[in-house]
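A structural walkthrough
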Amino acid sequence: MCGIFGANNGRPVASKLIDSLRRLEYRGYDSAGIAVVGAQGLDLRRASGCVDRLAAVVRDDRPEGTVGIAHTRWATHGAPTDVNAHPHAFDGVAVVHNGIVENHAELKWWLSDLGHEFVTETDSEVLPHIIAKMRRDGMDHRQAVAATLEYAKGSLALAAVFEDAPDRIVVARRGSPLAVAISEDGAYVSSDPAAFDAVGGRFTHLEDGEVAELTRGDVWFDGADGDARRNRWEPVVLPQDGGDPRAGHSSFMAKEMAEQPDAWSRTVASARAFAGVEELAAADRIAIVACGSSYYAGLMARAWFEREAGLACDIEVASEFRHRGGVLSERQVVLCLSQSGETADTLAVIEEMRAAGRRTFALVNTARSAMTRAADRCWLTDAGREIGVAATKTFTAQVAALVVLALRVAHARGRIDADRLEKALDGLASLSDMIRQTLALEGRMASAASAFADRRSAFYLGRGPAFAAALEGALKLKEIGYVQAEAYAAGELKHGPIALIEPGVPVVVVAPSDHLFEKTLSSAQEVKARGARLLLLTDAGGAARAGRLADDTVVLPGADAWAVTVSAVIALQFLARHIATARGLDVDRPRNLAKSVTVE
Ligand code: F6R
C-alpha cells in the first residue's frame, strides 16, 4: 500500500512523477504529493484525494528541478488530509514512505526532547527528522538513511531527496517492496516495476535491508555484494497495448470481468503444465493460506482436494494462521494464494515457513512480486494484470488453477486414471464458454440489481462451494457498493442470523440443483416467510423446482452444480457492479481500499 516513485533524469521531472504515480494509484489514492529538488532548493506539492487533484495543483504551479520523489497514499496513521500527504520534509530532507513505522511514538518523543517539532499525524514524518539528525551528526546521505532503517521498526520502503545534494535520491527498504531502474536517460525508483513501463531500460528489486543511491547515470548499492548484484538486472518489458486502457469498457472492473473467459482458458492451460505438483501429492494435508477474495477462492476449490484427491484441506486466513501457533503435520504443505503476490500477511507466512525450514508454495497472479521471489515453488495464474481494486478475473483464475492442481494431485495419488484426468481437465477448460454465456446475462443482472439499489444491507446464502460463492459475492457488494452484505452458510441461518431478516431485506440465495438443493431451498423459504426479498441464482432444474418462491430467479448456465457455482460468482460480480454504479460510485477505486495490501 502506498506507491513510491522517484526520477533523476536531467530533465524537469514534475510531469514524469505525476504520470508515473497514476500507474501506482492502485496502491492507494487517499492523497498524493511530489518533492522536487533543484537550483531553487526543495519544492513540495501535495493534495488530498487522487492523483488528478495533485495534477491540477501542479498544472498551475509547476516545481522546477530534475530530481524528485512522489507518493500516492493509503492512509494508515492520520486522516487523508493535505498536511498528512507525503512527501514529509524537515531541515532540507524530503521523504516518501510505504509501510508502517511501528515505534513512531517513541521516536517522536526522543526527537521532541531534542527540539524537533512535528506537524502531521503520520508515523512517516519521523523519517526525515531522523535522517536530518543523522546528517547533523556527521553522516553522509547514504549512512543517514541506513541509520534511519535501524532506528525505525516495522516495514518500510523509502526514498529521500536532499536540498544540499540536488543530484541524488537515496532509497532503502525493509519489508515493503522497492525496485530501481536505469534507462538511457536516468535512474528511477518505484514500489512496482510496472511503473517503469514508461521509462524502459532495466530494473532490479532492492533486497531486504538494502540502501541504494540513484545518481543521474547509475544506481549505487551499499553492501559487499554491490557489484555482484549488478548481474541481477532484468529488462523492463514495455507493454504492447497502447490506446484506451479500458478497451471501451466503462471501468477497469467491467473490462476485467469481460476478460474472464480468456483468463480462465489460459490459466487452465498453464496449470496443466505446472511443474512440481507431485510435491503436493506427497503431502498428508494441505493448508491454503490467503486473505480476502483469495481466501474465498481457496474455500470454493476445497472440495476438489478433499473429494477428488482425498487430501485433507484447510483454508486459513493468513493474518490468523501466522499468529495462531497451530500445529502442522510433518508432511503438511502450506500453499499461499494471492493475486498481487504482495499481501503482507500472506507473504509473512511464506517467510516464516521458510525460516522454520519448510518448503514454501505459492499461487500468484503477478509474476514479478515479492511472493514469486520468496516461495520455493511459485505457480502463476494467468489472468493478466488486474487494475480494478475488486478481484474479478484473478478470483476465477485462482479457482481454475486450484481445481487443476487438485485433479492433478488426485491423479498423482492414484485416485483417478490418466484418461479421467484428461477428460476432467478438458471439461474444466470448456467452462470458458459457459463463462461467456454468463457474461451475456449482464442485462438480466442489471435488472436484478435495480431492486437492491436503495438498500443498506443484504444477505447471501449458499452451501458448500456455493457458500464460498456467496461469501465472494457479498464481499464484492461490500467493497464497491458500500452495502452491509453478509454471507452465511445456509445451514447456519437458524442459529442467529435469521433474527436480522425483516420485510423487504434483500436475500441472495446461490443454489445449484445438486444434492443440497432442497436444504438450501428450505432456508430460502424461511427467509421468504419472514418477508425477505428473494433473489435466487440457480440452474434451469433448480428454477423449475423452486417455482414462484423467489421474487426474482436468475437461471444460470452450467452443466453441473460446480459449473453453475462458477457462473454464480460472475453473476454476483455483475450484481455488485450494477448496484455500485446505480449509486454513482467509482467501482475501480472504492473508498479506503487499495489493490495491494502491503501492511499487516
Ligand atoms: C477483494 C479483494 C481483496 C483481496 C485481498 C487479498 O475484491 O481484492 O479482498 O483478495 O486483499 O489480496 P491478494 O490476493 O493480492 O493477496
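Calculation rules
- Residues numbered from 1 in each chain as written.
- Predicted model: local features only at pLDDT ≥ 70, side-chain atom pairs only at ≥ 80, totals over all residues.
- Heavy atoms only, no water.
- Domains from an automatic or database assignment.
- Contact = heavy atoms within 4.5 Å.
- Buried area = accessible area lost by both parts, 1.4 Å probe.
- Salt bridge = Lys/Arg side-chain N within 4 Å of Asp/Glu carboxyl O.
- Polar contact = N/O pair within 3.5 Å; in protein donor to acceptor, adjacent residues only side chain to side chain.
- Core = buried A, V, L, I, M, F, W, Y, C linked by side-chain atoms within 4.5 Å.
- Buried < 20%, exposed > 50% of the residue type's maximum accessible area, 1.4 Å probe, protein only.
- Phe/Tyr/Trp six-rings, centres within 6.5 Å; stacked < 30°, edge-to-face > 60°.
- Pairing = 2+ DSSP bridges.
- Helix = DSSP H or I, 4+ residues; strand = E, 2+ residues; numbered from the N terminus.
- Axes fitted to C-alpha atoms, helices over the stretch in contact; angles between N-to-C directions.
- Disulfide = S-S within 2.5 Å.

Let us look at the domain arrangement of the protein. As far as domains go, the protein holds domain 1 (3–235), domain 2 (246–429) and domain 3 (440–600). Domain 1 and domain 2 are separated by 34 Å when their C-alpha centres are compared. Taken together, the contacts link 10 residues of domain 1 with 6 residues of domain 2. Of the roughly 690 Å² buried at the junction of domain 1 and domain 2 (both faces included), carbon and sulfur atoms supply 49%. Contact with domain 2 buries area across many residues of domain 1, yet Y26, P177 and H205 alone supply 46% of it, more than any other trio. Taken together, the connections running from domain 1 to domain 2 amount to 1 salt bridge. Counting every contact that joins domain 1 to domain 2 gives 2 residue pairs in polar contact (both at pLDDT 80 or more).

The next point concerns the nonpolar core. Judged by nonpolar contacts, the single largest core of 91 residues is most densely connected at Y460, L537 and L575. Residues in contact with Y460, not counting those within four places in the same chain, are A470, G473, A474, L477, A485, E486, A487, Y488, V508, L572 and L575. With 25 residues, the next largest nonpolar core counts L54, A55, A70 and Y188 among its residues.

Take the packing of aromatic side chains next. Under the counting rule described, the total for this entry stands at 9 aromatic pairs. With a centroid separation of 5.7 Å and an interplanar angle of 65°, the aromatic rings of Y295 and Y296 are classed as edge-to-face. Y296 matches Y295 in its accessibility class, with the two residues each being buried. Counting every residue linked through ring pairs, the aromatic cluster contains F274, F361 and W379.

To continue, consider the sheet that holds strand β20 (residues 457–462). The 5 strands are arranged β21-β20-β22-β23-β24 in an open sheet whose pairing can be described as parallel. If you trace the sheet from one side to the other, it starts and ends with β21 (484–489) and β24 (552–555), each paired once. On average, adjacent strands in this sheet sit at an angle of 15° to one another, irrespective of strand direction. Here strand β22 (residues 506–510) pairs with strand β23 (residues 533–538) via 5 bridges, running parallel. Looking across to β23, one finds that V507 is bridged to L534. Sheet strands touched by helix α20 (residues 561–582): β20, β22 and β23. Its angle to β23, the strand with the most contacts, is close to 135°.

If you trace the 5 strands from one edge of the open sheet to the other, you get β16-β15-β17-β18-β19, paired in parallel fashion. One side of each edge strand has no neighbouring strand; the edge strands of this open sheet are β16 (312–317) and β19 (377–380). Strand-to-strand twist in this sheet, taken as the mean axis angle between neighbours without regard to direction, amounts to 20°. Bridge count between strand β15 (residues 285–290) and β16: 6 bridges; the pairing is parallel. Residue pairing in the sheet places I288 in a bridge with I315 of β16. Taken strand by strand, helix α11 (residues 344–355) contacts β15, β17 (332–338) and β18 (361–364), and its axis lies near 150° from that of β17. With respect to the sheet, helix α13 (residues 393–412) is in contact with β15, β17, β18 and β19, its orientation differing from that of β17 by roughly 160°.

As enumerated under the stated definition, the model contains 0 disulfides in all. Here C50 stays free of any disulfide, with the sulfur of C2 as its closest cysteine sulfur at 15 Å. For C50, a relative accessible area of 18% puts it in the buried group. With no disulfide of its own, C291 lies 9.2 Å from the sulfur of C336, the closest cysteine sulfur. A relative accessible area of 25% means that C291 is categorised as partly exposed.

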